[in-house]
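Overview (structure and organization)
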Amino acid sequence: MDNQILRGIPKVDELLKSSALQAACRGLASQTVTETVRQVLEELRGGVLAGEIAELPDSQALCARIAARARAASLPSLRSVINGTGVVLHTNLGRACLSGRAAAAVEAVAGNYSTLEYDVAHGRRGLRYSHVEELLCRLTGAESALVVNNNAAAVLLILSAMAAGGEVPASRGELVEIGGSFRVPDIMESCGALLREVGTTNKTHLSDYERAIGENTRALMKVHTSNFRIVGFTESVPLGEMVKLAHDHGLPVIEDLGSGCLVNLEQFGIHGEPTVQDSVRAGVDVISFSGDKLLGGPQAGIIVGRRELVEQLKNHPLTRAMRVDKMTLAALEATLRSYADGTAAEEIPTLEMLALTPDTLRARAENLCTMLTERGVHAEVIPEQDQVGGGSVPTQLLPTCAVAVTPVGCSVDALEEAMRVRERPIIGRIAHDRYLLDVRTLREDEFACVAQALTETAL
Ligand SMILES: *Cc1c(COP(=O)(O)O)cnc(C)c1O
């Protein structure tokens, strides 16, 4: 019996030559199709031998199965998604979206030779970091700048170069852990620096730092508590006072600023996020921040500060191990140019999304909702609140609108999954038994695709 079924399984070559399979797999790479045919036929054989398959699929079903499998295998693993979560800096979804200008700059250098380390004016070797250093200095007011792979690397470099073998007092209330188990105390330890915790969780006074300063002290450290806030009965030392104390003792102040904002976010209703310029002006000697959080650029760790200290960092052996590539530099230069040109708020998606007003968000949600209801999908606009994400401004929620969909043809869980596993995944969330898409992070040019997907699935 089994033998008879086994004999019914087509041969790899025959199947590959069949017009039914060729039609089903049009456009797919022949290597992938061949590989998939082998796999699927092998599975059938195994299933028959194990007694799990008593009847073979017909030719059409078999070809469809192979085509679906081959198509899935052809999709890039890293691919773009539609973000319906409303979280602007979603770490799992790649944090900041680059501006069109930055993406174009990446494309221009990616497939071509470039001026990465070549000085065209003089026809000789140039410096990789020259493309962004002047812009960073101009924008932040700092004397010198350096860029490494991410802010975690920047902190590691700074502490290794400036504090190894010595002590660094830092406030107990600022010893953060950010996503991916980056902990300031652990970084400090791995650099061979001794962390001197000062103050208590909720209060640190200037005198706490003063008492901690001894002959092994190398620097005072300030860490921006990006992803949490201690609220209530709290006190921290103003940056200016900390700088004065350190400088009176001949010590530098280093600051891990986390997000690294270059514009005042008060204009978007986001309060208390310090800018890099504030820290430079307060006299902080070395400041580090991320390129892909509120700055809205590529993943990078940006260091700005006093010339002689940044020079010391540039010459440290770790810097070579953390160096950024041409694509990062291209994207960062273009992003910084938007700030320099005064067009950042219009060009950089992160700022654009944060700047959306409640009225605009409502109008957008109404648009999407109308598209859906016209197609017969049960949808409604509801008020929602957004987090900025990426460990930025954790306690403030921004008012927004979401479109809430009630599926008819399937459960809400099945809808969420079907949207997520599409070729262009759509990421939403479930609340109160409805499927929610938040319009702050949806682009208007994505609405048609979202409406199509919901019509296919939710009806
Ligand atoms: C996000 C963050 C970091 C890490 O930055 P990456 O660019 O993700 O490496 C370090 N410190 C603080 C305070 C942060 O918020």
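Residues numbered from 1 in each chain as written. Predicted model: local features only at pLDDT ≥ 70, side-chain atom pairs only at ≥ 80, totals over all residues. Heavy atoms only, no water.

Here the focus is the overall build of the chain. A count of helices and strands for the chain gives 20 helices and 17 strands. Counting only C-alpha atoms and orienting by the principal axes, one finds that the chain spans roughly 90 × 50 × 50 Å. Residue burial in the chain is summarised as follows: out of 459 residues, 48% are buried. Considering only contacts in the chain between residues 6 or more positions apart, those separated by 24 or more positions represent 74%. In the chain, 44 positive and 58 negative side-chain charges are present, and the distance between their average locations comes to 4 Å. (Helix = DSSP H or I, 4+ residues; strand = E, 2+ residues; numbered from the N terminus. Buried < 20%, exposed > 50% of the residue type's maximum accessible area, 1.4 Å probe, protein only. Contact = heavy atoms within 4.5 Å. Lys, Arg positive; Asp, Glu negative; His and termini not counted. Charge placed at Lys NZ, Arg CZ, Asp CG, Glu CD.)

Bringing the nonpolar core into the picture now. Residues Leu159, Met221 and Val304 are the most contacted members of the largest nonpolar core, which totals 86 residues. Looking at this core, the element that brings in the most residues is helix H8 (residues 151–163), giving nine residues. When residues no more than four places from it in sequence are discounted, the contact partners of leucine 159 are Ala164, Val168, Ile187, Met188, Cys191, Met221 and Ile254. (Core = buried A, V, L, I, M, F, W, Y, C linked by side-chain atoms within 4.5 Å.)

If you trace the four strands from one edge of the open sheet to the other, you get E13-E14-E17-E16, paired in antiparallel fashion. Strands at the two margins of the open sheet, each flanked by one partner only, are strand E13 (378–386) and strand E16 (429–431). Between one strand axis and the next, the sheet turns by 40° as a mean value, whatever way the strands run. As defined by bridge partners, E16 adjoins strand E17 (residues 434–438) across three bridges and the pair is classed as antiparallel. Each bridged residue has a counterpart across the sheet, and for arginine 429 the counterpart in E17 is leucine 436. Along the sheet, helix H18 (residues 358–374) makes contact with E13 and strand E14 (398–406), crossing E14 at roughly 10°. (Pairing = 2+ DSSP bridges. Axes fitted to C-alpha atoms, helices over the stretch in contact; angles between N-to-C directions.)

In contact at an axis separation of 9 Å, H18 and helix H20 (residues 447–458) are set at 40° when each is read in the N-to-C sense. One finds that H18 runs oblique with respect to H20. Crossing of H18 over H20 shows right-handed handedness. Across the interface between the two elements, Arg364, Asn367, Leu368, Met371 and Leu372 of H18 pack against Phe447, Ala448, Val450, Ala451 and Leu454 of H20. Split into classes, the residues belonging to the contact of H18 with H20 amount to eight nonpolar, one polar and one charged. (Parallel < 35°, antiparallel > 145°, perpendicular 65-115°, else oblique. Left-handed = near helix turned anticlockwise from the far one by under 90°. Nonpolar A, V, L, I, M, F, W, Y, C, P; charged D, E, K, R; others polar.)

We now examine the pairing of E14. In terms of residue burial, E14 counts as a mostly covered element, since seven of its nine residues are buried. Examined bridge by bridge, E13 and E14 share nine bridges and lie antiparallel to one another. If you follow valine 381 over to E14, its bridge partner there is valine 403.

On to the pattern of salt bridges. Counted according to the given criterion, the structure contains 28 salt bridges. Note that glutamate 174 and lysine 222 form a salt bridge whose closest N and O atoms lie 2.9 Å from each other. You can see glutamate 174 sitting in the loop between strand E5 (167–171) and strand E6 (177–178) and its partner lysine 222 sitting in strand E9 (residues 220–223), a full 48 residues away along the chain. No difference in accessibility class separates glutamate 174 from lysine 222, as the two residues are buried. (Salt bridge = Lys/Arg side-chain N within 4 Å of Asp/Glu carboxyl O.)

With respect to the helices and strands, valine 280 occurs in helix H12 (residues 276–281). Since its relative accessible area comes to 18%, valine 280 is described here as buried. Apart from residues lying up to four places away in sequence, valine 280 is in contact with Thr140, Gly141, Ala142, Ile287 and Val304.

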